[in-house]
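What follows is each chain in one-letter form.
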Amino acid sequence: MEKIISIKDVTYTYPESKQPAINNLSLDIYRNEWVSIVGRNGSGKSTLAKLIDGLIESESGTIFVDGQEVNEENIWNIRSKIGIVFQNPDHQFVGATVEDDVAFGLENQGVPRDEMVKEVDDALKMVDMQDYKTRDPQSLSGGQKQRVAIAGVLATKPSIIIMDESTSMLDPNGRKTVLDLVKQLRDQQDMTIISITHDIEETELSERIVVLRSGEVVKEADPKAIYDMGSELTKYGLEEPFSSQVASLLKDGIKLPEGYLNEEELIENIWKLSSKM
Amino acid sequence: MEIIFKNVTHSYEANSPLEGIGLNDVSLAIHDKKFTAIVGKTGSGKSTLVRHINALIKPTSGTIKVGDREITPETNNKNLKSLRKNVGMVFQFPESQLFEDTVEKDIMFGPMNFGMSESDAKESAKKMIKLVGLGEEYLDKSPFDLSGGQMRRVAIAGVLASNPETIILDEPTAGLDPVGRKEIMDLFKNLQKQGRTIILITHNMDDVANYAEEMVVIHDAKVMAVGKPKDIFNDKELLTNDILTLPRSAVFAQKLSKRDFSFPQLPITISELTAEIKQQVHGD
Amino acid sequence: MNKLILGRYLPGDSIIYRLDPRGKFLITFYFIGIVFLANNVASYGFLLLFVLFSVYISKINLGFFIKGLRPMLWLILFTVLLQLFFTPSNDPIWHWGILTLSTDGMRIAAYIFIRFVLIIFISTLLTLTTTPIEISDSIESILKPLKVIKFPVTQVALMLSIALRFVPLLIDETTKIMDAQRARGVDFGEGGVMQRIKSFVPILIPLFVSSFSIAYDLAIAMESRGYKDGEGRSKYRVLSWARRDNVALGVMILITIILLFIRSY
Ligand SMILES: Nc1ncnc2c1ncn2[C@@H]1O[C@H](COP(=O)(O)OP(=O)(O)OP(=O)(O)O)[C@@H](O)[C@H]1O
Ligand SMILES: Nc1ncnc2c1ncn2[C@@H]1O[C@H](COP(=O)(O)OP(=O)(O)OP(=O)(O)O)[C@@H](O)[C@H]1O
Ligand SMILES: [Mg+2]
Ligand SMILES: [Mg+2]
């Protein structure tokens, strides 16, 4: 597999801070991969995202994105390859209307206007918000706002999308529409997705989970292996996946196979047991 | 304190061409010493509803009774302190209300506004900082030197320090990690057990199922349903009209019902769910 | 705070909405200028008729404009009363100490009042029918010649539109913080002056902190989307000058000629 992001021995300390927010961290991310980054509040997830995008500069170590080192010289090139969707939708709108906002990234790249009009339309269609083109983002629901923010990121055709708790301020419906959208993007476009989240169920679709603690990677494995840690997950501020919680409560009385079962597998197993009787 | 809404309507920017309805003819009773959850989609009117209880906003028409206090459209903006002392309110991202140079002073700010003596307020700050899971050593720190999660706890301590009988929580755990969330939710449950009334606005249906005894569903500025969570989550009409989403246990049970299991009533907590499964697996 | 009509955009559609914002912007300022040419009942009446007609074709409820006066009410009242009682006259109707009431004074007071109404109505009409971004776009386009002297027109315009984006966020934030502190027992506008000033500390500090963190978030979001310094950007919005905009300018010239004509009567 081809590495798209390669982070090596990176350390970063915020000014006025004693402890480093990212501490000698190394991590590789591969093209087309969906990686979840999890960890307690303050474990360094957002800081890592900002380092990858060159929004802050590491003290030591190197970061390569798509073959280019993140530095003063390449920074604009790299930013055009990465799109970030942040947590608070209200704090990321620049444009006064939906279409203006989606166009912002294209304007920055100096895309000619005729192309821009088409790209804006395409991006809005992808997130199914074309009917809201002329609306004030402020007048949309949370889920709609985040879809517009995603359209703004998609318009510039990045190869990497970073979602920094993009669903955490949404109601269940908004959350679902955003997640369905990301799923669809991953399947239809050639994108690498890095999703930062506190919601363990959201990590199930990813190929790899990276657990951070105090600015270090403490675990890195596929979801199944991570979920297998069971109640140990709470050490990293995480919740056990729902199906594991159900399974462990069922175990005193019902015989289930060892190891993590996802919801479908668990239902399958329960069903087999009950139909045998 | 019993809280009773009687035909309460609230229009934002009443009599202006930009008028918008925040609440539409709401009548509702929130019971004393209970844990009540308020749910509904974004913009349905949940925050508008609870802001009436401590008169941060006033009804355009109708009345709200909080204990023996009555709030009407004519209620004066003065003399609301005794009401606000009894009704504490924790907002979404409450850390944005911190302003003093030490945590202790910030926690003491509310109680002293409500007329508590300095020494009592200090005492209260000491108790509250421990209650929210931080040590006494935090009292001398600046709130702005703390992490987001710690600031959240200090802000909550600041509201609890005036010892309110009723505590209103407007999405208090947004952005916290699951472990932090559970600690905060357990804290509120404990406060209720000690005799407080808790009103929680949330989008998390598992929290509703796990913590609340009563539940209010708001939709389009109206109250659509009031009752026990178990009954409401089993209300077919609310579910088919997409007004309500289910807790994870109920969703799991629904999936099992497609596989020969049958649930006369959907279980809403994980213990109900697993008890039902065990019984049905062993039962027949 | 939410009641402020002046400076607010109201979504809608009518000929006034469709006019080119640059034209609207210039016309508004031009009109405010010629208001000072009016000097008699007929000329004031004529301008008032013109403004009311513009309001009519904008399809916006007159109530909005009257509300727009409200924040200025004290200023208007003060100025009008000043004229009413302090206009010196040889032929007073009523006289007491330094106060003089005369037909002259009454006339001038009435003119001043109408002048206020004209200016407020026409600027309200501009902001109600023009989005903030259109306003900042027109400013950019009007200032464009200044690029020759290295004035950072593009950056200034973007800063302006961001500042405009910021206003509702800050109003929201202020309301939230005020609510949170009121819930903690702060009474605004109670007690003596010191007390009142003190009660704003719990608002100002958090507001300061929040506006910094909102600005930081916004800056990070802009940078992550490739915003550099305004150079090398292309524009999504192009302003297009149509025939109706020429007509509008023509109308203004006509108005000026008629006004000059009535004035000399
Ligand atoms: N702008 C800043 N200035 C100073 N310190 C900061 C800043 N932003 C974050 N920190 C600190 O750096 C550490 C890592 O923060 P970061 O925001 O990366 O955590 P996170 O994992 O994203 O947490 P959360 O889950 O709360 O979003 C924390 O200790 C935090 O307090
Ligand atoms: N200050 C305000 N001015 C005008 N309209 C408002 C104001 N506050 C709320 N509204 C409107 O009133 C309605 C109810 O809003 P409210 O904030 O009570 O919803 P909510 O259920 O708390 O939503 P959320 O889950 O997003 O917090 C919405 O349509 C909203 O747009
Ligand atoms: Mg973060
Ligand atoms: Mg709300």
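No experiment lies behind these values; they were computed from the predicted model shown.

K.L.:
Which residues make up the UniProt feature "domain: ABC transporter" (unreviewed entry) in chain A, and what values go with them?
P.N.:
What UniProt calls "domain: ABC transporter" (unreviewed entry) maps, in this numbering, to residues 5-239 of chain A. Taken end to end, residues 5-239 of chain A is 31% helix and 24% strand, and its two terminal C-alpha atoms sit 28 Å from one another.

K.L.:
Lay out the interface of chain C and chain B in plain terms, naming residues and giving numbers.
P.N.:
Each partner contributes to the interface: chain C provides 23 residues, whereas chain B provides 26 residues. Together, C:Arg182, C:Ala183 and C:Arg184 form the three largest contributors to the area buried by chain C at its contact with chain B, with a combined 31%. Taken together, the links from chain C to chain B amount to 2 salt bridges. In this structure, C:Asp179 and B:Arg51 form a salt bridge, with 3.0 Å as the shortest nitrogen-oxygen distance. The interface formed by chain C and chain B contains 6 residue pairs in polar contact (both at pLDDT 80 or more). Listed by contribution, the elements that provide at least two residues to the side of chain C that touches chain B are helix 4 (62-69), helix 8 (153-183) and helix 10 (201-224) of chain C. In terms of residues, the side of chain C that touches chain B owes the most to one element, helix 8 of chain C, which gives 7 residues. Counted by class, the side of chain C that touches chain B contains 11 nonpolar, 4 polar and 8 charged residues.

K.L.:
Which residues make up the domain arrangement of chain A, and what are the values?
P.N.:
All names here are of chain A. In terms of domains, chain A is made up of domain 1 (3-240) and domain 2 (241-277). On a C-alpha basis, the centroid separation for the pair domain 1 and domain 2 is 34 Å. In this complex, domain 1 contributes 9 residues to the contact, which on the side of domain 2 involves 9 residues. A combined buried area of about 730 Å² lies between domain 1 and domain 2, and 47% of that area is made up of carbon and sulfur atoms. Of all residues in domain 1, Lys-224, Tyr-227 and Glu-240 give up the largest surface area on contact with domain 2, accounting jointly for 60% of the area buried on that side. Our count for the domain 1 to domain 2 interface comes out at 0 salt bridges. If you look at where domain 1 meets domain 2, you find 5 residue pairs in polar contact (both at pLDDT 80 or more). For the side of domain 1 that touches domain 2, the residue count by class is 3 nonpolar, no polar and 6 charged.

K.L.:
Before we move on, can you summarise the pairing of strand 4 (residues 60-65) of chain A with the specific residues and values?
P.N.:
The side chains of a regular strand alternate between the sheet's two faces. Residue and element names in this part refer to chain A. Pairing of strand 1 (residues 3-12) with strand 4, which is carried by 5 bridges, proceeds in the antiparallel orientation. By the bridge assignment, Ile-7 is partnered in strand 4 with Ile-63. Two elements, strand 4 and strand 5 (residues 68-69), share 2 bridges in a ladder whose sense is antiparallel. Following the sheet pairing, Phe-64 is matched in strand 5 by Glu-69. Hairpin connection, strand 4 to strand 5: the antiparallel pair is bridged by 2 residues, and Asp-66 has positive phi, about 50°.

K.L.:
Describe the sheet that holds strand 4 (residues 61-66) of chain B, with residues and values.
P.N.:
Residues and elements named next belong to chain B. Taken in spatial order, the 4 strands make up an open sheet running 2-1-4-5, and their pairing is antiparallel. Each edge of the open sheet is held by one strand with a lone partner, namely strand 2 (20-30) and strand 5 (69-71). Sheet twist, expressed as the mean angle between neighbouring strand axes with direction ignored, is 20°. Across 3 bridges, strand 4 lies against strand 5 in antiparallel orientation. What sits directly across from Val-66, in strand 5, is Arg-69.

K.L.:
Any chance you could break down the domain arrangement of chain C for me, citing the residues and the numbers?
P.N.:
Each assigned domain of chain C is listed here: domain 1 (15-130 + 240-264) and domain 2 (146-224). Each of domain 1 of chain C and domain 2 of chain C has a C-alpha centre, and the two are 33 Å apart.

K.L.:
Summarise a nonpolar patch on the surface; cite the residues concerned and give the values.
P.N.:
A cluster of nonpolar residues, B:Phe144, C:Val201, C:Ile205, C:Phe208, C:Val209 and C:Phe212, forms a patch on the protein surface that exposes about 540 Å² of accessible area. By the element assignment, C:Phe208 lies in helix 10. Here C:Phe208 falls in the exposed class, since its relative accessible area comes to 55%.

K.L.:
Just give me the short version of the environment of B:Ile129, but keep the residues and values in it.
P.N.:
All names here are of chain B. Examined against the element boundaries, Ile-129 turns out to sit in helix 4 (residues 118-131). Separated by 80 residues in the primary sequence, Ile-129 and Leu-49 place their C-alpha atoms 29 Å from one another. With near-sequence residues (within four places) excluded, Ile-129 lies in contact with Val-103, Ile-107, Leu-134, Gly-135, Glu-136, Tyr-138, Leu-139 and Val-154.

K.L.:
Before we move on, could you go through the packing of helix 8 (residues 242-250) of chain A against helix 11 (residues 270-283) of chain B and cite the residues and values that matter?
P.N.:
Contact pair helix 8 of chain A / helix 11 of chain B: the axes reach a minimum separation of 10 Å and the direction vectors enclose 50°. Judged by the inter-axis angle, helix 8 of chain A sits oblique to helix 11 of chain B. Crossing hand, helix 8 of chain A versus helix 11 of chain B: right-handed. Side by side, helix 8 of chain A and helix 11 of chain B meet where A:Phe242, A:Gln245, A:Val246, A:Leu249 and A:Leu250 of the first sit next to B:Ile270, B:Leu273, B:Thr274, B:Ile277 and B:Lys278 of the second. Its residues assigned to classes, the contact of helix 8 of chain A with helix 11 of chain B shows 7 nonpolar, 2 polar and 1 charged.

K.L.:
Which residues make up the confidence of the model for chain C, and what values do they have?
P.N.:
Residues and elements named next belong to chain C. Per-residue confidence for chain C gives a mean pLDDT of 86; residues scoring 70 or more make up 97%. Per-element confidence in chain C is highest for helix 3 (residues 41-58), whose mean pLDDT is 94, and lowest for strand 1 (residues 94-96), whose mean pLDDT is 78. Reported for the predicted complex are a pTM of 0.85 and an ipTM of 0.89.

K.L.:
Explain the site of ligand 1 residue by residue, including any values.
P.N.:
Residue and element names in this part refer to chain A. What surrounds ligand 1 is the set Tyr-14, Ala-21, Arg-40, Asn-41, Gly-42, Ser-43, Gly-44, Lys-45, Ser-46, Thr-47, Glu-165 and His-198. Residue Tyr-14 places a side-chain N or O atom 3.4 Å away from a nitrogen atom belonging to ligand 1. The contact in question runs from an oxygen atom of ligand 1 to an N or O atom on the side chain of Glu-165, over 3.0 Å. When ligand 1 sits alone it has 630 Å² of accessible area, and the protein chains cover 64% of it. Broken down by class, the residue content of the shell around ligand 1 amounts to 2 nonpolar, 7 polar and 3 charged.

K.L.:
Outline the interface of chain C and chain A, supporting the account with residue identities and numerical values.
P.N.:
Counting residues at the interface gives 26 residues for chain C and 36 residues for chain A. In total, about 2,900 Å² of surface goes out of reach between chain C and chain A, with carbon and sulfur atoms giving 54% of it. When the area that chain C buries against chain A is broken down by residue, the three leading residues are C:Arg165, C:Arg225 and C:Tyr236, summing to 31%. Our count for the contact surface shared by chain C and chain A stands at 4 salt bridges.

K.L.:
Which residues make up helix 3 (residues 103-113) of chain B, and what values go with them?
P.N.:
Most of helix 3 of chain B sits inside the fold, with 8 of its 11 residues counted as buried. Looking only at helix 3 of chain B, the buried set comprises B:Val103, B:Glu104, B:Asp106, B:Ile107, B:Met108, B:Phe109, B:Gly110 and B:Pro111. The inward-facing, buried residues of helix 3 of chain B contact helix 4 and helix 5 (148-160) of chain B together with helix 8 and helix 10 of chain C. B:Gly115 sits one or two positions beyond helix 3 of chain B and adopts a positive phi of about 95°.

Thresholds applied
Residues numbered from 1 in each chain as written. Chains lettered and ligands numbered in written order. Predicted model: local features only at pLDDT ≥ 70, side-chain atom pairs only at ≥ 80, totals over all residues. Heavy atoms only, no water. UniProt positions renumbered as here; feature names shortened; annotations may be inferred. Helix = DSSP H or I, 4+ residues; strand = E, 2+ residues; numbered from the N terminus. Contact = heavy atoms within 4.5 Å. Buried area = accessible area lost by both parts, 1.4 Å probe. Salt bridge = Lys/Arg side-chain N within 4 Å of Asp/Glu carboxyl O. Polar contact = N/O pair within 3.5 Å; in protein donor to acceptor, adjacent residues only side chain to side chain. Nonpolar A, V, L, I, M, F, W, Y, C, P; charged D, E, K, R; others polar. Domains from an automatic or database assignment. Pairing = 2+ DSSP bridges. Axes fitted to C-alpha atoms, helices over the stretch in contact; angles between N-to-C directions. Patch = residues over 30% accessible without salt bridge, like charges linked within 9 Å, V, L, I, M, F, W, Y side chains within 5 Å. Areas by Shrake-Rupley, 256 points an atom, 1.4 Å probe, with all protein chains shown as cover. Buried < 20%, exposed > 50% of the residue type's maximum accessible area, 1.4 Å probe, protein only. Parallel < 35°, antiparallel > 145°, perpendicular 65-115°, else oblique. Left-handed = near helix turned anticlockwise from the far one by under 90°. pLDDT = per-residue confidence, 0-100. Near = heavy atom within 4 Å.

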